[in-house]
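# Residue-level structural notes
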Amino acid sequence: MTAQVEKQPKNASPKILGAARAIALREGAGKITIDAVARESGLSKGGVLYNFPTKKALLAGLLDEMLAEHRERLASVPEGHSSRTLRGHLETVLQAGSTDDDLSMAILAVSASDPNLLDPLRKELSRDVERIRSDAQDDTAAMVLFLAIQGLRFQRLLRLADGDADQQDATIDRFKDMIDELE
């Protein structure tokens, strides 16, 4: 007697999230709609809605994907650094592109009406802060630097004035030096 194997439908989430990112890159995050994602992905609207029943769910999926990328960047920092998590946060800011910024702004906009959307981010940052504080000999200095890096993230996200290119480079170099001094 042979067991009958039931075929499971493939999860189209990666394809859908890729389509949403492509739209954000080409047209801006404000143009992400279920219909646009369906067209971009080549799936039916029903196929998109099966995976992400609302735009809010789609944005939550994008946030989860961005957090996974952040974790990968943290993991890519070489072992042996006591300030590994702090270095990873700086790298996340430095490697973020305009698409990530647009998606972050869209997620922030949606979270204004549903603050719980940011719960996964809050949990992730809470774990990171605990690692930063426990790894540092001077946890206060580490927190000052962490908060400065978060300030840099939002300064870039909101496209606020940040000086000329030389000043930006000098600031980043100083952040790196300060991280080195914590070790």
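Per an unreviewed UniProt entry, the protein chain goes by the name TetR family transcriptional regulator and belongs to Primorskyibacter flagellatus.

Attention shifts here to the side chain of Thr85. Relative to the helices and strands, Thr85 resides in helix α5 (residues 84-95). For Thr85, the residues in contact, after removing those within four places along its chain, are Leu74, Asp128, Arg131, Ile132 and Asp135.

Okay, helix α2 (residues 34-41) next. Those residues of α2 that fall on the buried side of the exposure criterion are Ile34, Ala36, Val37, Ala38 and Ser41. Gly42 sits one or two positions beyond α2 and adopts a positive phi of about 80 degrees.

Take Leu62: it is sitting in helix α4 (residues 55-76). Along the sequence, Leu62 and Ser44 sit 18 residues apart, while their C-alpha atoms lie 19 Å from each other.

Core analysis: the biggest nonpolar cluster contains 27 residues, and Ile16, Ile32, Val37, Leu58, Leu62, Leu103 and Ile107 have the highest contact counts within it. For this core, the secondary-structure elements that each account for two or more residues are α1 (13-27), α2, α4 and α6 (98-113). Those residues in contact with Ile32 that sit more than four places away from it in its chain are Ala20, Ile23, Ala24, Val37, Lys55, Leu58, Leu62 and Leu103. Leu90, Ala142, Ile172 and Leu182 belong to the second largest nonpolar core, which has 16 residues in total.

The rules behind the values
- Residues numbered from 1 in each chain as written.
- Predicted model: local features only at pLDDT ≥ 70, side-chain atom pairs only at ≥ 80, totals over all residues.
- Heavy atoms only, no water.
- Helix = DSSP H or I, 4+ residues; strand = E, 2+ residues; numbered from the N terminus.
- Contact = heavy atoms within 4.5 Å.
- Buried < 20%, exposed > 50% of the residue type's maximum accessible area, 1.4 Å probe, protein only.
- Core = buried A, V, L, I, M, F, W, Y, C linked by side-chain atoms within 4.5 Å.

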